[in-house]
Amino acid sequence: MIKKITYKQRISYATPIICLIIYLTIGYIFDIWSPTWVVFFAIPIVPLMLDSDDLRIFYPIMIFAAYLAIGFSIGAWHPAWILFLTIPVFYILVPKKCFKKRYRIE
């Protein structure tokens, strides 16, 4: 019996290759190798985002990724920590129903 692969699975399976392409492209074109490894965080995050019903849980992950990107790229670790203060503000201002998936396509 042939199992049908959903679009979510296809995206999840392609994520490591896409991350590798992004990493190599940025590395060769801009000669920025060390901070670019952060793109590999997308490998475990993308399947979680595709299967999650509440997308608000990914805001702290995006803030952490932005913090790492700012810190590694321009070395502004100290002022970038202020980004973490936006996490509680985000959860206070954005209701849960705004980021609920309304329907699922399989």
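Values in this document were obtained by computation on a predicted structure and should not be read as measured data.

## A word on the confidence of the model for the protein chain
When pLDDT is averaged along the protein chain, the result is 85; 91% of the residues meet or exceed 70. Confidence scores differ between elements of the protein chain, with helix α2 (residues 42-51) showing the lowest mean pLDDT of 86 and helix α1 (residues 7-30) the highest of 93.

## Quick look at the packing of aromatic side chains
Taken as a whole and assessed by the stated rule, the structure comprises eleven aromatic pairs. With 5.5 Å between their ring centres and 70 degrees between their planes, Tyr23 and Trp33 make a pair best called edge-to-face. Taken together, the positions of Tyr23 in helix α1 and Trp33 in the loop between α1 and α2 put the pair ten residues apart, joining distant regions of the chain. Of the residues examined, Trp33 reaches a relative accessible area of 29% and is grouped as partly exposed. Geometrically, the ring pair formed by Tyr28 and Trp33 is edge-to-face, given 5.0 Å between the ring centres and 90 degrees between the ring planes. One aromatic cluster is present, built from ring pairs that chain together Trp37, Phe41, Phe64, Tyr67, Phe72, Trp77 and Phe84.

## Concerning a nonpolar patch on the surface
A surface patch of nonpolar side chains, amounting to about 820 Å² of accessible area, comprises Trp37, Phe41, Phe64, Phe72, Trp77, Trp81, Ile82, Phe84 and Leu85. According to the relative accessible area criterion, Phe72 is partly exposed, its value standing at 35%.

## What about the nonpolar core?
Counting five residues, the largest nonpolar core consists of Tyr59, Ile63, Ile87, Phe90 and Val94. Apart from the residues within four sequence positions on either side, Tyr59 is in contact with Thr86, Ile87 and Phe90.

## Some details on the layout of surface pockets
In this structure, the largest pocket spans a volume of roughly 260 Å³. Lining the largest pocket we find 14 residues, and of these Pro35, Val38, Val39, Ala65 and Ala69 sit closest to its centre. Looking at which element gives the most residues to the lining of the largest pocket, the answer is helix α3 (residues 59-74), with five residues.

Conventions and cut-offs
Residues numbered from 1 in each chain as written. Predicted model: local features only at pLDDT ≥ 70, side-chain atom pairs only at ≥ 80, totals over all residues. Heavy atoms only, no water. pLDDT = per-residue confidence, 0-100. Helix = DSSP H or I, 4+ residues; strand = E, 2+ residues; numbered from the N terminus. Phe/Tyr/Trp six-rings, centres within 6.5 Å; stacked < 30°, edge-to-face > 60°. Buried < 20%, exposed > 50% of the residue type's maximum accessible area, 1.4 Å probe, protein only. Patch = residues over 30% accessible without salt bridge, like charges linked within 9 Å, V, L, I, M, F, W, Y side chains within 5 Å. Areas by Shrake-Rupley, 256 points an atom, 1.4 Å probe, with all protein chains shown as cover. Salt bridge = Lys/Arg side-chain N within 4 Å of Asp/Glu carboxyl O. Core = buried A, V, L, I, M, F, W, Y, C linked by side-chain atoms within 4.5 Å. Contact = heavy atoms within 4.5 Å. 1 Å grid on protein atoms, 1.4 Å probe; cavity = no way out; pocket = protein on both sides within 12 Å on 5 of 7 lines; lining within 4 Å. Points joined across faces, edges and corners; volume = space filled by probe spheres on them.

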